[in-house]
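# Architecture at a glance
In case you want the letters, here they are:
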Amino acid sequence: MSDPRIDGLARLLVNYCVSARPGDWVAIQSDLAAQPLVERIYASLLEAGAHPTVLYRDETLEEVFYRQAGEPQLRWLSPLDALMAERVDARIVVRAPSNTRALTGVDPQAQRLHQQAQKPLLDHYRRRSAEGAHRWVLTNFPCPALAQEADMSLREFEAFVYAATFVDQPDPIAAWQAMHDRQQRLVDWLAGKSEVIVHGPDVDLRLSIAGRTFINSDGKRNMPSGEIFTGPVEESVEGWIRFRYPAIRGGREVEGVEFTFAQGRVASAKAAKNEAYLLSQLDSDPGARYLGEFAIGTNDRIQRFTKNILFDEKIGGTIHIALGAGYPETGSRNDSSIHWDFICDMRRDSEIWVDGELFYKDGRFMIA
């Protein structure tokens, strides 16, 4: 029997997240395990009058690529990928890996070379997105590997995902529009502000948001979403922050991360596990040690850590920072081949002050 929640998620992705229109070229990029959702997305796009293209990926092929490819292959840009970056109107990316650790043993240098080569495509997508010429959304389909990573049964993880995306509600689109309205009040209050100070057991940071824009992340690009974010003034960040949640990238889990910032740059970094990999990524390029994002998670339907950044960075009562590339629509000028998020819990003895006014305390917003 078909799960109506899958149908609901497909309709939400097509009709709300990317707002597919007649004549749009829409790429569906998906792992093989998400076939049930892809079928529903495909049908919904056809119903909307769009032209869908389905592209499947598999992490076992990625592993083969990183183990076997020589430097010319690692640096090669696919003409198909270049055409999509230039022409595709919207993308729906669905992740449902069969093995979340498939890339743990590959050479990080190979990964770094490939991501540097792909940077022009990512830059083009970001520019088109900032201009409103490209729409995209990333989501996860509940699968055994993600459920296992989150320490849940598959049935429990399904309930978690469909609650976090609001597709267990009678009208998911109305629920996301209500979140948009709540977050817009915060974004409007932050407009024109200059200085942010963050205090807590794991953080003591000062940064400037002068001339920068906060974005209302309301499910149009991440599903689920629930955050407000900006790109801080690059040279302004001072202080330190540590992360009790592990940071996962490229199939590797990095634990016990702590950063010290001086004049905006990560002056020192350490980790209890996989420190060498952390440092290799921070040395990817000059922008990798600067912040491209400062964000506050607002989705109170996400309250547990899943080792999946799509969910974890939205946890209500947390902040996250991202080293590397910023989003042009925020005003960020930071340029890098990486964008790596790190999550800090703010639900105990923590505050955010903005221009001398208490904005946030112990995971809750304090403004009227």
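The structure reproduced in this document is the subject of the present report. (Residues numbered from 1 in each chain as written. Predicted model: local features only at pLDDT ≥ 70, side-chain atom pairs only at ≥ 80, totals over all residues. Heavy atoms only, no water.)

### Regarding the nonpolar core
With 46 residues, the main nonpolar core has Leu13, Leu37, Ile41, Ile92 and Phe157 as its most contacted residues. At the level of secondary structure, the elements contributing two or more residues to this core comprise helix H1 (4-17), strand E1 (25-31), helix H2 (35-47), strand E3 (90-95), helix H7 (144-149), helix H8 (154-164) and helix H9 (172-190). Looking at this core element by element, the count peaks at 8 residues for H1. Core analysis: the second largest hydrophobic core is formed by 41 residues, Leu205, Leu291, Ile296 and Ile321 among them. (Core = buried A, V, L, I, M, F, W, Y, C linked by side-chain atoms within 4.5 Å. Buried < 20%, exposed > 50% of the residue type's maximum accessible area, 1.4 Å probe, protein only. Helix = DSSP H or I, 4+ residues; strand = E, 2+ residues; numbered from the N terminus.)

### Comments concerning the side chain of Asp123
Looking at the secondary structure, you find Asp123 in helix H6 (residues 108-130). Judged by its relative accessible area of 17%, Asp123 falls in the buried class. At a separation of 2.7 Å, a polar atom in the side chain of Asp123 contacts the side chain of Lys119. (Polar contact = N/O pair within 3.5 Å; in protein donor to acceptor, adjacent residues only side chain to side chain.)

### With respect to the state of the cysteines
Here the structure, examined in full by the defined rule, presents 0 disulfides. Looking at the unpaired Cys17, the closest cysteine sulfur is the one in Cys143, lying at 19 Å. A relative accessible area of 5% places Cys17 in the buried class. (Disulfide = S-S within 2.5 Å.)

### A look at the pairing of E3
In terms of burial, E3 is largely enclosed, as 5 of its 6 residues are buried. Across 5 bridges, the pairing between E1 and E3 is parallel. In the strand pairing of E3, Ala27 is matched with Arg91. Bridge count between E3 and strand E4 (residues 135-140): 6 bridges; the pairing is parallel. Looking at E4, one finds that Ala90 is bridged to Arg135. Once the chain exits E3 it traverses H6 before rejoining the sheet at E4, and the crossover so formed is right-handed. (Pairing = 2+ DSSP bridges. Right-handed = clockwise from strand over helix to strand, strands pointing away.)

### Side note on the environment of Ala164
Within the secondary structure, Ala164 sits in helix H8. Owing to a relative accessible area of 0%, Ala164 belongs among the buried residues under this scheme. When the C-alpha atoms of Ala164 and Leu37 are compared, they prove to be 17 Å apart, with 127 residues separating the residues in sequence. Sequence-distant contacts of Ala164, that is, excluding residues within four places in its chain, are made with Trp176, Pro224, Asn299, Arg301, Ile302 and Phe311. (Contact = heavy atoms within 4.5 Å.)

### Some words on the pattern of salt bridges
On inspection of all chains with the given rule, the structure shows 28 salt bridges. Close ionic contact of Asp24 with Arg135 constitutes a salt bridge, the shortest N to O distance being 2.4 Å. You can see Asp24 sitting in the loop between H1 and E1 and its partner Arg135 sitting in strand E4, a full 111 residues away along the chain. With a relative accessible area of 6%, Asp24 lands in the buried category. With relative accessibility at 16%, the residue Arg135 sits in the buried group. Lys307 is paired through a salt bridge with Glu253; the nearest N and O atoms lie 3.5 Å apart. With Lys307 in the loop between strand E15 (291-297) and helix H11 (309-312) and Glu253 in strand E12 (residues 252-254), this pair connects stretches of sequence that are 54 residues apart. The class for Glu253 is buried, based on a relative accessible area of 8%. Through salt bridges with shared partners, a single network forms among Arg101, Glu149, Glu253 and Lys307. (Salt bridge = Lys/Arg side-chain N within 4 Å of Asp/Glu carboxyl O.)

### Some points on a nonpolar patch on the surface
Taken together, the side chains of Leu32, Tyr42, Leu46, Val54 and Tyr56 present a nonpolar region at the surface, about 440 Å² in accessible area. Its location among the elements puts Leu32 in the loop between E1 and H2. (Patch = residues over 30% accessible without salt bridge, like charges linked within 9 Å, V, L, I, M, F, W, Y side chains within 5 Å. Areas by Shrake-Rupley, 256 points an atom, 1.4 Å probe, with all protein chains shown as cover.)

### Details of the pairing of strand E2 (residues 51-57)
Sheet topology note: the E1/E2 ladder contains 7 bridges and is parallel. Bridge pairing links Ala27 to Thr53 in E2.

### Thoughts on the layout of surface pockets
Unoccupied space between atoms shows up once a probe the size of one water molecule is rolled over them. Taken as a whole, the second largest pocket spans an internal volume of roughly 290 Å³. Every residue lining the second largest pocket is counted, 18 residues in all, and those nearest its centre are Arg182, Leu186, Thr298, Asp300 and Phe365. Of all the secondary structure elements, the ones that give two or more residues to the lining of the second largest pocket are H9 and strand E20 (364-365). Looking at the lining of the second largest pocket element by element, the count peaks at 5 residues for H9. (1 Å grid on protein atoms, 1.4 Å probe; cavity = no way out; pocket = protein on both sides within 12 Å on 5 of 7 lines; lining within 4 Å. Points joined across faces, edges and corners; volume = space filled by probe spheres on them.)

### Remarks on the side chain of Arg128
Topologically, Arg128 is positioned in helix H6. No salt bridge is formed by the buried Arg128; its nearest oppositely charged neighbour, Asp89, is found at 4.9 Å. (Lys, Arg positive; Asp, Glu negative; His and termini not counted.)

### Thoughts on the packing of helix H5 (residues 79-87) against H6
Where H5 meets H6, the axes come as close as 9 Å, and the angle between the chain directions of the two elements is 15°. Between H5 and H6, the angle falls in the class roughly parallel. Handedness of the crossing formed by H5 with H6: left-handed. Along the contact surface, H5 presents Asp81, Ala82, Met84, Ala85, Glu86 and Arg87, while H6 presents Gln118, Leu121, His124, Tyr125 and Arg128. Its residues placed into classes, the contact of H5 with H6 shows 5 nonpolar, 2 polar and 4 charged. (Axes fitted to C-alpha atoms, helices over the stretch in contact; angles between N-to-C directions. Parallel < 35°, antiparallel > 145°, perpendicular 65-115°, else oblique. Left-handed = near helix turned anticlockwise from the far one by under 90°. Nonpolar A, V, L, I, M, F, W, Y, C, P; charged D, E, K, R; others polar.)

### With respect to the sheet that holds strand E6 (residues 203-208)
With antiparallel pairing, 8 strands are arranged side by side in an open sheet as E14-E13-E10-E6-E5-E18-E19-E20. Taken across any chain shown, the strands that pair with only one partner, and hence form the sheet edges, are strand E14 (265-270) and E20. Bridge analysis of strand E5 (residues 195-200) against strand E18 (residues 351-354) gives 4 bridges, and the strand direction is antiparallel. Directly across from Val198, in E18, lies its bridge partner Ile352. Helix-sheet contacts for helix H10 (residues 275-282) involve strand E13 (257-262) and E14, and the interaxial angle to E14 is about 165°.

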